[in-house]
Amino acid sequence: MAVKTIATRLVLDGEAEYRAKLKNINAELALQKSELEKIQAQYKNNANGMEALTAKQSALAGQMAALNEKHREQSAMLDKAREAQQKYARMVEELKGRLAELAGSAEDTSEEQKKLQSEIDAAEEAMQKAANSVTFYQKQLNNTERDQAKLGEELERTGRYLDEAKSSADGCARSIDQYGREVKRAGDSSEQFGNTSKEAVNQL
């Protein structure tokens, strides 16, 4: 017997408003990212100076503010999806209880049972759609939290460099150059490992 797969999501209250808000948030994120790219190009030869680091910190903070708002909106929709899933689960349980009562009746309740079974099927489908919505919004939230973690690290590192630049005699953070060299070495090592792996595979 083929298993029916319900791939669609439940349309939740406020979903249209959520999509409109998310569109604005993503536009703000794109704006802040382009601002950061402009700063990186503008201060390409003086990335460790106070002016460059201050501008970079501001752009990163703008991105974080937008991500935090995105997180709040996604969390709210996830809560709504979970509430809907629980509501339909309770409905299914209640309808099945009523069906069991009718089935145990001495009277002919076949028509009522048929109607109840139809209601149960609809409630179970809605419950599955709500579960799909829970999965959908949880994935979105996970992605946002990943982006927040990465951006938080970059903000913290930029803050350290800015503090160093403020306390230095020439207004520059020297350790940012060291960090750049470490990143480059890590990239070179990864590339070398990749080439070695390819050679090993070719020799098999």
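Because the structure is predicted, anything quoted here is derived from the model rather than measured. (Residues numbered from 1 in each chain as written. Predicted model: local features only at pLDDT ≥ 70, side-chain atom pairs only at ≥ 80, totals over all residues. Heavy atoms only, no water.)

> Lay out the packing of helix H1 (residues 15-42) against helix H2 (residues 50-103) with the relevant residues and their values.
Where H1 contacts H2, the two axes come as close as 9 Å, and the packing angle between them is 165 degrees. With respect to H2, the element H1 is oriented roughly antiparallel. At the point where H1 passes H2, the crossing takes the left-handed sense. Of the residues contributing to the contact of H1 with H2, the split by class is 13 nonpolar, five polar and nine charged. (Axes fitted to C-alpha atoms, helices over the stretch in contact; angles between N-to-C directions. Helix = DSSP H or I, 4+ residues; strand = E, 2+ residues; numbered from the N terminus. Parallel < 35°, antiparallel > 145°, perpendicular 65-115°, else oblique. Left-handed = near helix turned anticlockwise from the far one by under 90°. Nonpolar A, V, L, I, M, F, W, Y, C, P; charged D, E, K, R; others polar.)

> Can you lay out the packing of aromatic side chains for me, pointing to particular residues and giving the numbers?
In the structure shown here, the tally under the stated rule is two aromatic pairs. A centroid spacing of 5.5 Å and a plane angle of 80 degrees characterise the contact between Tyr18 and Tyr137, whose relative ring orientation is edge-to-face. Here Tyr18, found in helix H1, pairs with Tyr137, found in helix H3 (residues 110-167); they are 119 residues apart in sequence, far enough to count as distant. No difference in accessibility class separates Tyr18 from Tyr137, as the two residues are buried. In this structure an aromatic cluster arises from ring pairing among Tyr18, Phe136 and Tyr137. (Phe/Tyr/Trp six-rings, centres within 6.5 Å; stacked < 30°, edge-to-face > 60°. Buried < 20%, exposed > 50% of the residue type's maximum accessible area, 1.4 Å probe, protein only.)

> Explain the pattern of salt bridges to me, using residue names and the numbers behind them.
As enumerated under the stated definition, the model contains 12 salt bridges in all. Here Lys21 and Glu73 are joined by a salt bridge, their closest N and O atoms 3.7 Å apart. Residue Lys21 is located in helix H1, and its partner Glu73 is located in helix H2; the two are separated by 52 residues in the primary sequence. Assessed through its relative accessible area of 42%, Lys21 is described here as partly exposed. The salt bridge involving Arg174 is made with Asp170; its shortest N-O contact spans 2.1 Å. In this structure Asp170 comes out as partly exposed when scored by relative accessible area, which is 42%. Connected through salt bridges with shared partners, the residues Arg9, Glu15 and Arg19 form a single ionic network. (Salt bridge = Lys/Arg side-chain N within 4 Å of Asp/Glu carboxyl O.)

> Could you give an account of the side chain of Gln32, with specific residues and numbers?
Structurally, Gln32 can be placed in helix H1. Among residues more than four places away in sequence, those in contact with Gln32 are Ala59, Gly62 and Gln63. (Contact = heavy atoms within 4.5 Å.)

> Describe the nonpolar core, naming the residues involved and giving the relevant values.
Burial of nonpolar side chains together is a common tendency in soluble globular proteins. Counting residues in hydrophobic clusters, the biggest one holds 14 residues, and the most contacted among them are Leu10, Leu12 and Tyr137. Listing elements by their share of this core, those giving two or more residues are H1, H2 and H3. Apart from residues no more than four positions distant in its own chain, Tyr137 is found in contact with Arg9, Leu12, Glu15, Tyr18, Met77, Leu78 and Ala81. If you look at the next biggest cluster of nonpolar residues, it comprises 13 residues, including Ile39, Tyr43, Ala52 and Leu67. (Core = buried A, V, L, I, M, F, W, Y, C linked by side-chain atoms within 4.5 Å.)

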